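Understanding the architecture of this molecule
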Amino acid sequence: MRAAREWLVCDGYQKIKDTSANSSFDFTAVRNGNEFVVEVKGTTTNGEAILITAAEVKVHKARYPQNILILVSSIELVSDAEATCGLVQVHAPWDAQAAALEPIAYRCIL
């Protein structure tokens with residue numbers, strides 16, 4: 001989350017608000033008077049594939065093109081509470097409609 005916030009600041013976004021505790025996206029950020037929703041994903045892998053929830057996809061489809069997906073890949077875990085390094089990849093905007101989404105789980109109501 002820290003690397004994503006730093007990228008947003010460096011790219012000129014303002015009014016960056018952490019919404020991860022109560023929304024299906026991690027930040028809102030404003031640039032040129034427009035509010036963007038931001039999803040942040042982190043992985044120790046090279047990031048060629050990530051897991052993203054149906055709720056996250058729904059938000060990004062609805063808010064496109066005022067949305068951003070930030071992936072921090074190749075993270076090195078120092079401890080349970082600390083990570084280091086990582087490569088930041090930014091998809092702005094992220095077109096969830098055109099993304100190669102593959103369902104990997106279903107909810108079964110019995």
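The coordinates are above.
Scoring rules and cut-offs
Residues numbered from 1 in each chain as written. Predicted model: local features only at pLDDT ≥ 70, side-chain atom pairs only at ≥ 80, totals over all residues. Heavy atoms only, no water. Pairing = 2+ DSSP bridges. Helix = DSSP H or I, 4+ residues; strand = E, 2+ residues; numbered from the N terminus. Axes fitted to C-alpha atoms, helices over the stretch in contact; angles between N-to-C directions. Buried < 20%, exposed > 50% of the residue type's maximum accessible area, 1.4 Å probe, protein only. Core = buried A, V, L, I, M, F, W, Y, C linked by side-chain atoms within 4.5 Å. Contact = heavy atoms within 4.5 Å.

1. Some points on the sheet that holds strand β3 (residues 34-42)
Pairing between the strands of a sheet comes from backbone hydrogen bonds, and it takes one of two forms, parallel or antiparallel. Spatially, β1-β2-β3-β4-β5 is the arrangement adopted by the 5 strands of the open sheet, whose pairing is mixed. Strands at the two margins of the open sheet, each flanked by one partner only, are β1 (14-18) and β5 (82-91). Shown here is a sheet whose adjacent strand axes are inclined to one another by a mean of 25 degrees, direction ignored. As judged from the 6 bridges shared by β3 and strand β4 (residues 67-79), these two strands associate in the parallel manner.

2. Brief notes about the pairing of strand β2 (residues 27-31)
For β2, a buried count of 4 out of 5 residues is recorded, marking the element as mostly surrounded by other parts of the structure. Two strands pair when backbone bridges link them, and β1 and β2 are joined in this way by 3 bridges, in the antiparallel orientation. The residue bridging Asp18 from the neighbouring strand is Phe27, located in β2. With 5 bridges joining them, β2 and β3 adopt antiparallel strand pairing. Residue pairing for β3: Arg31 is matched across the bridge by Asn34. Adjacent in sequence and paired antiparallel, β2 and β3 are bridged by 2 residues, among which Asn32 carries a positive phi angle near 55 degrees.

3. What about the nonpolar core?
Judged by nonpolar contacts, the single largest core of 13 residues is most densely connected at Leu8, Tyr13, Ile16, Phe27, Val38, Ile68 and Ile70. Contributions of two or more residues to this core are made by α1 (2-10), β2, β3 and β4. Among the elements that make up this core, the one with the highest residue count is β4 (4 residues). Not counting residues within four places of it along the chain, the set of residues in contact with Val38 comprises Leu8, Phe25, Asp26, Phe27, Ile68 and Ile70.

4. A short note on the environment of Thr19
The residue Thr19 is located in the loop between β1 and β2 in this model. Separated by 21 residues in sequence, Thr19 and Val40 have C-alpha atoms that sit 11 Å apart. In contact with Thr19, other than residues within four places in its own chain, are Phe25, Asp26, Phe27 and Thr28.

5. Description of the side chain of Thr28
Assignment of secondary structure puts Thr28 in strand β2. With near-sequence residues (within four places) excluded, Thr28 lies in contact with Lys15, Ile16, Lys17, Thr19, Glu35 and Phe36.

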